[in-house]
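Next come the chains, spelled out residue by residue.
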Amino acid sequence: MNKLANSTSPYLLQHANNPVNWHPWGPEALQKAKDENKLILVSIGYSACHWCHVMEHESFEDEAVAGVMNEYFVCIKVDREERPDVDQIYMSAIQLMSGRGGWPLNCICLPDQRPIYGGTYFRKNDWASLLLNLADFYKTKPEEAEDYAVRLTEGIKQYESVALVKEQPAYTKADMQTILTTWRKYIDPVEGGFGGAPKFPMPNNSLFLMRYAHLMQDDEVANNVKLTLQKMAFGGIYDHIGGGFARYAVDGVWHVPHFEKMLYDNGQLISLYAEAYTWNPDPLYKTIVDEIITFVASELTSPEHGFYSALDADSEGKEGKFYIFTKAEIEEILGDDADVFNIYYHVTEDGNWEEEHSNVFYRREEDAELAKLLGLTVDELLNSVNASRQKVLDVRSKRVRPGLDNKILASWNGLMLKGLCEAYRTFNDPQYLELSLKNAEFILENLISGAKVRRVYKTALSLGEGWGEASFLDDYANVIDAFIALYEVTFNEDWLIQAQKLADYTLAHYYNEEGGIFFYTADNDEMLIARKSEIMDGVIPSSNSVMARNLKKLGLFFDNEGYLEVSAQLLRNIVPHLVKYGTAYSNWCILLLDEVFGTYEVAITGNDAETMRIEMEQNYIPNKIMLGGKDGSLPLLAERFNNQTRIFVCKDKTCGLPAYNIADALKQINN
């Protein structure tokens, strides 16, 4: 076994038996490269990555290829989910070199970590040839290698950076309309979502468009959001048997998934579908939320109530094998009930997937439409389908399961906790709150020490490394966001105080006042070849945009002008980029919406505050914060407690007269 044998990362452990002399990222490997004047080969991936597995099998398990790697390179294997700071730097390098990125990510660096070449997946022969050429290049032309490294490292430092904007502009509805002009070019009017194949769920993009449609009263955008939510829920990207969404669809119609299931996708999709239900109460959205939570609770939850990171795409060495069925298999399981099930989920003899006769389940027809065609009532159709689903699930559960990435990450647990809070906010299901509170307590007890967050949860068996590991801005940002959401559905100020404590730590150790932006790494963590900022929103919103929205909310909750000014500064820096590249800044666009329309501070005080809170949440007001309870110490709650339950609606430092029922409070908001 190589140096990965003692790792706790499931991804690194997958490579522990490779003939490659892999090292984990750390001082030992980095010093070895300098001492031996060898190029560093940094190979980055994650445990649920299908093409990472393919390259491992083709190249890293091959003795001859491993021989080349071991002779000429110090080989370092990195789990991108544990060390996103390392991944961020070398992903920037790859994108600068090739204009595209992805995983596996393979980067060749000088002994001092500066990159000179890289790419993603390489075929075995191409890989071996490339490595020999690079080793020869470094030996015979070291000056050229140095020149490459200088230019590329400078590019990395500049990549995804923004200028400081000092003057505060006025934000208007016209700005939002201009930004949407670019967005509309990417919206798919037929299948929903954005662009063609492959098709990624982009939860935050849909969330922004939903809020934009509501606040700007744009029916065209609203209809597209509804289309996207339905198409994703009907598509094969959704696991109709066990719940939960796969990472993406390889086609443009949401049909064939790349089967890995990630915690961060599903946490955000809970938030999206839950909020969508308040906006447009489609029963489909409620079903999806409940099924995702059931999936996460049963398959991605540790005994301590932390959430695991992912399920692999592969089982028994084949992508998707756990999830696909032939028509003959369905007929054997369901007997006479197979016909209805097969029509409902488009199961055919020939199959609808690349493997012969195999089927990925998906929907196309509405229940009422299909029931009419089959001569059934909707209830008869659904009773048949749901009974059949359970039988298929029972059979599927006996198959060899996909690999589980049992890493527990602070950042992704924050996303899932936020999703659970949003589900409870919308549906008032006590089970959702119970799971939320158990996970929040887990985070407090195992991932936070004082005001410092620990990115990766280690079991008692692996605590020898202690608290020395790096944590990153997204860990703080997403946990703060979740704790704020938990306060808003419980009115327990302890969660808000904890969020404030973490926010203060980020301002002390991550915020760059000169640039008006947060660094991704802390000033007291390991220094890499560049200290970068995460600004653009992808499938997961950027840590800077989440912090900007967090500080806006905390500034209102605590009446803290300092928080509000940092939030405003962050947004000022980004706004110039929104017109041209709005689709890469969706979370920033949500913050801009809040600036244009203002944020309502809805305080509910008194003995029946919880009942009133539940009733208020049935109304879609995306640009609001909620606070209150039977008592509280927040500035906005001062002197507002008595025997009567009252609602105070405030905005722009002005509060209306107290309302004694939801209808009167809504009049203050809707006027």
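**Examining the sheet that holds strand 2 (residues 39-45)**
At step 1: Taken in spatial order, the five strands make up an open sheet running 1-3-2-4-5, and their pairing is mixed. Unpaired on one side and paired on the other, strand 1 (23-24) and strand 5 (115-119) mark the two borders of the sheet.
At step 2: Where strand 1 and strand 3 (residues 73-79) come together, two bridges link them in parallel fashion. For His-23, the partnering residue across the bridge sits in strand 3 and is Ile-76.
At step 3: Strands strand 2, strand 3, strand 4 (105-109) and strand 5 of the sheet are contacted by helix 6 (residues 124-140), whose axis makes an angle of about 145° with strand 2.

**A look at the side chain of Glu-601**
At step 1: Its location among the elements puts Glu-601 in strand 19 (residues 600-605).
At step 2: An unpaired buried charge is present at Glu-601: no salt bridge exists, and Lys-653, the closest side chain of opposite charge, is 7.2 Å distant.
At step 3: Ignoring anything within four residues of it in the chain, the contact list for Glu-601 reads Leu-556, Ile-625, Leu-627, Leu-636, Phe-648, Val-649, Cys-650, Lys-651 and Asp-652.

**Quick look at the nonpolar core**
At step 1: Membership of the largest hydrophobic core comes to 197 residues, with the highest contact counts inside it found for Met-69, Trp-127, Phe-208, Tyr-273, Phe-483, Met-616 and Ile-647.
At step 2: Looking at this core element by element, the count peaks at 12 residues for helix 19 (residues 473-490).
At step 3: Non-local contacts of Met-616, meaning those with residues more than four positions away in its chain, are made with Val-602, Ile-604, Ile-621, Met-626, Ile-647, Ile-662, Ala-665 and Leu-666.
At step 4: Val-78, Ile-89, Ala-93 and Cys-107 belong to the second-largest nonpolar core, a separate cluster that totals 24 residues.

**Notes on the sheet that holds strand 21 (residues 646-651)**
At step 1: In space, the four strands of this open sheet follow the order 20-19-21-22, with mixed pairing throughout. In this open sheet, the two strands that pair with only one neighbour each are strand 20 (624-629) and strand 22 (654-655).
At step 2: Bridging between strand 19 and strand 20 involves six bridges; their strand directions are parallel. Bridge pairing in strand 20 places Thr-605 opposite Gly-629.

**Describing the packing of helix 14 (residues 338-345) against helix 16 (residues 378-396)**
At step 1: The contact between helix 14 and helix 16 brings their axes to 9 Å, and the two run at 95°. Between helix 14 and helix 16, the angle is such that the two are roughly perpendicular. Taking contact as the criterion, the partners of Val-340, Phe-341, Tyr-344 and Tyr-345 in helix 14 are, on helix 16, Leu-381, Leu-382, Ser-384, Val-385, Ser-388, Arg-389 and Val-392.

**Concerning the packing of aromatic side chains**
At step 1: Per the stated rule, a full pass over the model turns up 32 aromatic pairs.
At step 2: Centre to centre, the rings of Phe-208 and Tyr-212 are 6.0 Å apart; their planes meet at 50°, and the pair counts as tilted. With Phe-208 and Tyr-212 both in helix 9 (residues 203-216) and four residues apart, the pair spans about one turn of that helix. This pair shows no difference in class: Phe-208 is buried, exactly as Tyr-212 is.
At step 3: Look at Phe-322 and Tyr-323: their rings are 5.1 Å apart centre to centre, the planes differ by 90°, and that puts the pair in the edge-to-face class. Both residues of the pair, Phe-322 and Tyr-323, count as buried.
At step 4: Put simply, the rings of Phe-325, Phe-341, Tyr-344, Tyr-345 and Phe-361 touch in pairs and so form one group of aromatic residues.
At step 5: Sitting over the ring of Trp-103, Arg-80 keeps its end group 3.9 Å from the ring centre.

**Structural notes on the environment of Ala-548**
At step 1: With respect to the secondary-structure elements, Ala-548 resides in helix 21 (residues 543-557).
At step 2: Its relative accessible area of 0% is what places Ala-548 among the buried residues.
At step 3: Ala-548 sits 17 residues away from Glu-565 along the chain, and the two C-alpha atoms are 9.8 Å apart.
At step 4: Residue contacts for Ala-548: discarding those within four places in its chain leaves Ser-567, Leu-570, Trp-588 and Leu-591.

**A word on the environment of Arg-80**
At step 1: With respect to the helices, strands and loops of the structure, Arg-80 is situated in the loop between strand 3 and helix 5 (84-98).
At step 2: Note on Arg-80: relative accessible area 17%, which makes it buried.
At step 3: With 266 residues separating them along the chain, Arg-80 and His-346 place their C-alpha atoms 37 Å apart.

**Digging into empty space enclosed by the protein**
At step 1: Tallying each qualifying case throughout the model produces two cavities of 30 Å³ or more.
At step 2: Here the largest cavity is characterised by a volume of approximately 680 Å³.
At step 3: If you go around the largest cavity, you meet 41 residues; those closest to its centre are Arg-211, Glu-275, Lys-418, Glu-422 and Arg-549.
At step 4: For the lining of the largest cavity, the elements supplying multiple residues, two or more each, are helix 9, helix 11 (263-279), helix 17 (410-427), helix 19, helix 21, helix 23 (586-597) and strand 20.
At step 5: When residues of the lining of the largest cavity are assigned to their parent elements, the largest contribution, seven residues, is made by helix 11.
At step 6: For the lining of the largest cavity, the class distribution of residues is 15 nonpolar, 13 polar and 13 charged.
At step 7: Looking at the second largest cavity, its volume works out to about 140 Å³.
At step 8: Lining the second largest cavity we find 18 residues, and of these Gly-236, Tyr-238, Asp-239, Phe-259 and Tyr-323 sit closest to its centre.
At step 9: Broken down by class, the residue content of the lining of the second largest cavity amounts to 11 nonpolar, four polar and three charged.

**Points about the confidence of the model for the protein chain**
At step 1: Of all residues in the protein chain, 98% attain a pLDDT of 70 or more, and the chain-wide mean is 94.
At step 2: Low pLDDT, under 50, characterises residues 460-468; the stretch is placed with 12 contacts to residues that sit more than four places away or in other chains.

**Quick look at the state of the cysteines**
Linking two cysteines covalently via their sulfur atoms produces the bond known as a disulfide.
At step 1: All chains considered together, the criterion is met by two disulfides.
At step 2: What pairs with Cys-49 in a disulfide is Cys-52, and their sulfur atoms sit 2.3 Å apart. Here Cys-49 and Cys-52 share a disulfide; its torsion about the S-S bond, 80°, makes the bridge right-handed.
At step 3: Here Cys-650 engages in a disulfide with Cys-655; their sulfurs sit 1.9 Å apart. Given an S-S torsion of about 105°, the disulfide between Cys-650 and Cys-655 has right-handed geometry.
At step 4: Cysteine pairing in the protein chain follows 1-2, 3-4, where each cysteine in a disulfide is numbered by its order in the sequence.

The rules behind these values
- Residues numbered from 1 in each chain as written.
- Predicted model: local features only at pLDDT ≥ 70, side-chain atom pairs only at ≥ 80, totals over all residues.
- Heavy atoms only, no water.
- Pairing = 2+ DSSP bridges.
- Helix = DSSP H or I, 4+ residues; strand = E, 2+ residues; numbered from the N terminus.
- Contact = heavy atoms within 4.5 Å.
- Axes fitted to C-alpha atoms, helices over the stretch in contact; angles between N-to-C directions.
- Buried < 20%, exposed > 50% of the residue type's maximum accessible area, 1.4 Å probe, protein only.
- Lys, Arg positive; Asp, Glu negative; His and termini not counted.
- Salt bridge = Lys/Arg side-chain N within 4 Å of Asp/Glu carboxyl O.
- Core = buried A, V, L, I, M, F, W, Y, C linked by side-chain atoms within 4.5 Å.
- Parallel < 35°, antiparallel > 145°, perpendicular 65-115°, else oblique.
- Phe/Tyr/Trp six-rings, centres within 6.5 Å; stacked < 30°, edge-to-face > 60°.
- Lys NZ or Arg CZ within 6 Å of the ring centre and 35° of its normal.
- 1 Å grid on protein atoms, 1.4 Å probe; cavity = no way out; pocket = protein on both sides within 12 Å on 5 of 7 lines; lining within 4 Å.
- Points joined across faces, edges and corners; volume = space filled by probe spheres on them.
- Nonpolar A, V, L, I, M, F, W, Y, C, P; charged D, E, K, R; others polar.
- pLDDT = per-residue confidence, 0-100.
- Disulfide = S-S within 2.5 Å.

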